[in-house]
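Structural description and commentary
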Amino acid sequence: QVQLVESGGGLVQPGGSLRLSCAASGSMLRVSGMGWYRQIAGKQRELVASITSGGFTNYVDSVKGRFTISRDNTKNTVYLQMNSLKPEDKAVYYCNANIATVTSGLRPYWGQGTQVTVSS
């Protein structure tokens, strides 16, 4: 059984920084693309950043230059470094990974979500 466990959310002042981590564990054959989504209250979940197994990254325009996604393939872990945080970044952040197991091909898995609040 595959699990994605997130950590690193919390309360930060505008202009501050947070680092989110998400570790995948279980009987995995392959971990492909990984990413971070967020859901602002009352809105649909949106992709914030993604990274391929080879390290190619993609960001939503609103976070470009402020957020950095990275991954450690040896630990099956993806990170999101968030700098210059703004109140509008407040959301529940979810990690996502496409993972193949012995019983299924590549399919998406989700973390439980971690709250990020940006407020003075």
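Above this note sits the structure.
Quick summary incoming for the structure in this document. Everything quoted here is computed from the prediction, not taken from an experiment. (Residues numbered from 1 in each chain as written. Predicted model: local features only at pLDDT ≥ 70, side-chain atom pairs only at ≥ 80, totals over all residues. Heavy atoms only, no water.)

Some points on the state of the cysteines
Tallied over the entire structure, the rule returns 1 disulfide. A sulfur-sulfur separation of 1.9 Å characterises the disulfide bridge that pairs C22 with C95. One end of the pair, C22, is in strand β3 (residues 18-25); the other, C95, is in strand β9 (residues 91-101), with 73 residues separating them in the sequence. Summarising the burial analysis for this pair, C22 and C95 share the class buried. (Disulfide = S-S within 2.5 Å. Helix = DSSP H or I, 4+ residues; strand = E, 2+ residues; numbered from the N terminus. Buried < 20%, exposed > 50% of the residue type's maximum accessible area, 1.4 Å probe, protein only.)

What about the pattern of salt bridges?
Under the definition given, this model contains 4 salt bridges. The closest approach of N and O atoms between D89 and R38, which form a salt bridge, is 3.0 Å. Of this pair, D89 sits in the loop between β8 (77-82) and β9 while R38 sits in strand β4 (residues 28-39), and the two are 51 residues apart along the sequence. Here D89 matches R38 in class, with each residue buried. For K64, the salt bridge is made with D61, and the minimal N-O distance between the two is 2.9 Å. What emerges from the salt-bridge pattern is a single network uniting R38, E46, R66 and D89. (Salt bridge = Lys/Arg side-chain N within 4 Å of Asp/Glu carboxyl O.)

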